[in-house]
Structures are given as C-alpha cells and as structure tokens.
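# What the coordinates show
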Amino acid sequence: MTSYRYIVIAMIVLLLAIGAGLYFNREFGRVPARIAESDETMLKTDSMRHVFKVSTLASRGYQAFLGYLHTGEKDQLVEAANYSKAAIGFASSALSDDQTLAGGLVPFLRRNVEISEMVRSIEEASALVDEFHENMVRIHRDAEHIEQDIWLSFQQDFVRFQTNEKRALIAYQFSAVLAIAVLLIVGFFFLRQRSLFRLIGAREQDLQHMVELRNEELKLLRKTQAAAEAADRAKTEFLALMSHELRTPLNAILGFSEIVKSGDKRLVSEEKTTEYASAIHSASLHLLNVINDILDLAKIEAGEIELYETRIQLIAVIERAVTLIRQRSQEKQQTVTIDVDEALPVLIGDERLVLQILINILSNAVKFTGEQGRIAVFASVAPDGGLDLGVRDTGVGIAPEHIDMVMQPFGQLRSNSAVTHEGTGLGLPLTGRFAELHGAAVKIESRLSEGTTVTVRFPPDRIAAAQEKTLQDADGS
C-alpha cells in the first residue's frame, strides 16, 4: 500500500511536471507572436511620425507661401511647391500601406502644389491664400484625426501587450513552482524564464521610449501649429494695414492730380493749384516713408544692413533731428527743448542710423503729444560708462501691458481718438533693430495721460575714448 501510494504520488508529480513543461513550452512558443505584436505596435508609432512629417512639410510649404506674400520673392513660391511635393511623396511612400491615410491628405497637398505653381503675382497669391490656408486647416485636421486614431489603437495594443505579458509571467511562475519536483527541469525552466524576462524588459523599455518620443512629437506639432496660426494672423494684419497705409496717400495723389488735370478754371486757380501740389507732395512723402520703413525692416530681417561707423558728434545729430520735425511740432504749438551734458563724449556708430533712431522717437513724441505739449531731447553719460540718448514727452502715454506690443512691427496703439495716428507702426520696432545693430538697448517708461520717456543706451565700447583705451591696452600687451 505504501509503495503504491509513493508510486501514485510520483506519477502525479511526474504528470504535473510534464504538464507544467508542456504548458511552459506552449507559452514560450507564443513569444514570437507577442514580439510580432509589439513590432506592429512600433509600426503604428512609425505611422504617427509619418503623418507628423507630412503635416510638418505641408506647414513649411504654407510658411514659404506666406513668405512670398511678404517679400514677393519667386523662390518662396518654388519652395512652397517643393515642400508640398515632398509632403505628397512622403505620404505616397511612407503611408502606402494604408491607402485611406494617404488618400485623405494627398488631394489637398496636390491642390497646394497647383496654387504655388499657378501664382504669378502677389495679387494672385493674396486671392488664393485663403484657399491655401483652408487646405492647410483640413490637412492639419485630418492629420490630427489620423494620429488620434493611431494613438488610440496604439494604446489598446499597448494595454493588450501588457496584459499578455502579465499572463505569461503568471504562467511561467506557476510552471516553475510545479517543476520544483524535478530539479533539472526546474533549472532548465528557470534559465529559460530569465531569458524571457530580459526579453520582456527590453521590449518594455523600447515601448516606454516610443511613448516618450510620441509625447515630444506632439509638443513639436503643437508648436508648429501655433507658429502657422501666428503667421496667418500676421499675414491678415499686414494686408489690412498696408491696404490702408498705401491706398490713403495714393487716393489723395490721384484725386488732386485729377482735379489739376481736368483744367476746370473754377477749381484750378493758381492758389488752388499750389494747394493741390502741396497735398500731392505731402501724400507722396508719406507713401515714400511707408515704403522706406517696410524696406528697412525687410533688410534688417534679412541681415543686409551694414554699419558704416564714424565718430559722431551727438549734439549735431540732435539739432538736425529737431530741425526735421520742427514744422510738425510748431503746427501743434509744441515746445521742443534739448538737454545735453556739456562734456558729452564722441559716439562711434553709423550716423545715418543714429539720426534715424532719434527721428523715429521724436516723430512718435510729436504724433502722440497733444496741442501745446512739451518734448525734450536728452543725451548724457550712463552710470555704466555708456551713453543715454532719448526723448521725453507729455503725451498720451502707454499702458504697461502695451509696451511690449509697440516694439513689435505694426504694433500701433490707438488709445486716444483725439490724437492723429498715422504711419505703419514701424518706428519703434525699427528703432529697436537699429539699436541692436549698435549693441544698444531701448527702454520705454510711460504712464497713461502723463507722458513717455524712450531711452536708447549705447554700451561703453561705443564711446570713442573707451575704444581708444582698448586699442592702447591691446598694443601694450
């Protein structure tokens, strides 16, 4: 009986060990299938990157198209078409396994290519930019939907993969417990289990890395989308402002010239002709100033402005700038004074740009200061050894939250209807760019209804005496 019992126990243990071994082998045989599932999951992450790449290329094409609206350079149109074509090629090749994904994006990309290639002028581009923008909205929307669908599928696969992993781990642990009766089998299964754990751990790390990459790509996509939206808003603001600033003086020129051309003696007397000529001249100067401001800003952004440095006597530059704006200030009965240190040092810089800096600040002071207001031009040695040049007025002032806005191109404020606001809003932005070329900084201090102080601080190395000392020290060493 005892022997029979031991034989039964041994048979049960043996059967359990054999069953555990067979179950273990079956679960281990499923490892390649699980690896294949994880590979499919990784391919889905590749699909998400492909969709993101297509969206990014399309956005660059749109930015190039907007660049053509700003600069008028044909190369921008070619670049826009090339980016759209690259997006089509990438969608057709990288997304070839899923025709639904490719078919949803390619028609809009092809239309953008057609728009880029058919445009021959800025007017045509302006007429087609809304369609181009609508295509981009659809591309981003479809790409976002596609990525969301892939991302949801990826999450489901990831959860299923983790579930299978847990089930596999439970199965192998149970098999290991049952295989304790047979030491050799236990050792064999233990080694196989360790190998499997290493494989699963490596896959988990790979998937975790993929998740982190996906999060980074989503952040980049959001930044790209925000940049595209900002560029679209800038385009709209630019077109609206330029339409007004260019059309107003042109209408004045055409209107008064038509009157003179008509020869109507009731309207074209000698006195009236002089008045019309003066109005035409004033409108032409305004139009020229608008165009010059835009061209100067474009040159600065393209890095095409070079400094022609000389020794500048600031008092002469200040007097010249005051002379240029004196007529406009006298029309408003404003008082313009000059406050300059007696021992003002010589400044090293581009005299034309320094004069333009001062004219821009003075013009703003005259424009935003009311009747019988006070304007003071000052220049003094800064505490750090540099040089402060600026203008102080008793005008309408600027709210603290709007100071950053006025330093942006076309950031003109219209806070007081009693003050005439003409121009493109490029005066202070250009002043900032010209100052940066000299290594200087622009500081604005202002209070509403009290006035504004704009100071340009040139660094100490822009002072002639400091430069000469630096050269002497270099020669001595």
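Remember, predicted model here, so these are calculated numbers, not experimental data.

### A closer look at the overall build of the protein chain
- Within the protein chain, the regular secondary structure consists of twelve helices and seven strands.
- Counting the 477 residues in the protein chain, one finds 40% classified as buried.
- Pairs at least 24 apart in sequence give 73% of the contacts found in the protein chain among residues at least 6 apart.
- For the protein chain, the exposed surface amounts to about 26900 Å²; the carbon and sulfur share of it is 56%.

### Some words on the nonpolar core
- Within the largest apolar cluster, 44 residues are counted, with the highest numbers of intra-cluster contacts made by L362 and L389.
- Top contributing element to this core by residue count: helix α9 (residues 351-368), with ten residues.
- With residues up to four places along the chain from it excluded, the contact list for L389 reads L314, I318, V354, L358, F378, A379, V454, T455, V456 and F458.
- If you look at the next biggest cluster of nonpolar residues, it comprises 30 residues, including V51, A64, V106 and L109.

### Some remarks on the pattern of salt bridges
- In total, this model carries seven salt bridges according to the counting rule given.
- Here K443 and E445 are joined by a salt bridge, their closest N and O atoms 3.6 Å apart.
- By relative accessible area, E445 is classed as partly exposed at 41%.
- Across the salt bridge formed by R447 and E450, the nearest N and O atoms sit 4.0 Å from each other.
- Salt bridges here are not isolated pairs; linked through shared partners, they connect R111, E114 and E131.

### Focus: the side chain of D350
- Residue placement: D350 occurs in strand β3 (residues 347-350).
- We note that D350 is buried and unpaired, the nearest opposite charge coming from R352 at a distance of 4.7 Å.
- A distance of 3.1 Å separates a polar atom in the side chain of D350 from the backbone nitrogen of R352.

### A word on the sheet that holds strand β6 (residues 441-447)
- With mixed pairing, the five strands of this open sheet are ordered in space as β2-β4-β5-β7-β6. The outermost strands of the open sheet, each flanked by one partner alone, are β2 (335-340) and β6. Averaged over neighbouring strand pairs, the angle between their axes works out to 10° when direction is ignored.
- With respect to the sheet, helix α11 (residues 427-437) is in contact with β6 and β7 (451-458), its orientation differing from that of β6 by roughly 145°.

### Some remarks on α9
- Taking 1.5 Å of rise per residue, 18 residues should cover 26 Å, and α9 covers 26 Å from first to last C-alpha, within 8% of that figure.
- Within α9, 14 of the 18 residues are buried, leaving the element largely enclosed by the surrounding structure.

### Some thoughts on the environment of Q334
- Within the element layout of this structure, Q334 appears in the loop between α8 (314-331) and β2.
- Q334 gets classed as buried once you look at its relative accessible area, which sits at 8%.
- Beyond its immediate stretch of four places on either side in the chain, Q334 contacts S329, V366, T369, G370, Q372, G373 and I375.

### Thoughts on α11
- Among the eleven residues in α11, nine count as buried, and that is most of the element.
- Every buried residue belonging to α11 is among G427, L428, P429, L430, T431, G432, R433, F434 and A435, and all of these are buried.
- Against the buried residues of α11 lie α7 (270-302), α9, α10 (403-406), β6 and β7.
- Phi for G439, located one or two positions after α11, is positive at around 75°.

### Quick notes on the packing of α7 against α11
- Contact geometry for α7 and α11: axes closest at 10 Å, N-to-C directions at 40°. Relative to α11, the crossing made by α7 is left-handed. Judged by residue contacts, D293, D296, L297, I300 and E301 of α7 engage L430, R433 and F434 from α11.
- A per-class count over the contact of α7 with α11 returns four nonpolar, no polar and four charged.

### Regarding the environment of D388
- Along the chain, D388 turns up in strand β5 (residues 387-393).
- Classification of D388 by relative accessible area gives buried; the value is 9%.
- The sequence separation of D388 and V456 amounts to 68 residues, and the corresponding C-alpha distance is 5.7 Å.
- Sequence-distant contacts of D388, defined by excluding residues within four places in its chain, comprise F378, A379, S380, A382, T455, V456 and R457.
- Engagement of the side chain of D388 in a polar contact is seen with the side chain of R457, the distance being 2.7 Å.

### Quick word on the packing of α8 against α9
- Their axes nearest at 9 Å, the elements α8 and α9 cross at an angle of 35°. As α8 runs across α9, the sense of the crossing is right-handed. Residue-level inspection shows L314, V317, I318, R320, A321, V322, L324, I325, R328 and S329 of α8 in contact with α9, the latter providing E351, V354, L355, L358, I359, L362, S363 and V366.
- By residue class, the composition of the contact of α8 with α9 is 13 nonpolar, two polar and three charged.

### A look at the environment of R447
- Looking at the secondary structure, you find R447 in strand β6.
- For R447, a relative accessible area of 56% puts it in the exposed group.
- Through-space distance from the C-alpha of R447 to that of G395 is 9.3 Å; in sequence the pair is 52 residues apart.
- Setting aside its immediate chain neighbours within four residues, R447 contacts V396, G397 and I398.

Definitions and limits used
Residues numbered from 1 in each chain as written. Predicted model: local features only at pLDDT ≥ 70, side-chain atom pairs only at ≥ 80, totals over all residues. Heavy atoms only, no water. Helix = DSSP H or I, 4+ residues; strand = E, 2+ residues; numbered from the N terminus. Buried < 20%, exposed > 50% of the residue type's maximum accessible area, 1.4 Å probe, protein only. Contact = heavy atoms within 4.5 Å. Areas by Shrake-Rupley, 256 points an atom, 1.4 Å probe, with all protein chains shown as cover. Core = buried A, V, L, I, M, F, W, Y, C linked by side-chain atoms within 4.5 Å. Salt bridge = Lys/Arg side-chain N within 4 Å of Asp/Glu carboxyl O. Lys, Arg positive; Asp, Glu negative; His and termini not counted. Polar contact = N/O pair within 3.5 Å; in protein donor to acceptor, adjacent residues only side chain to side chain. Pairing = 2+ DSSP bridges. Axes fitted to C-alpha atoms, helices over the stretch in contact; angles between N-to-C directions. Expected span 1.5 Å × (residues − 1). Left-handed = near helix turned anticlockwise from the far one by under 90°. Nonpolar A, V, L, I, M, F, W, Y, C, P; charged D, E, K, R; others polar.

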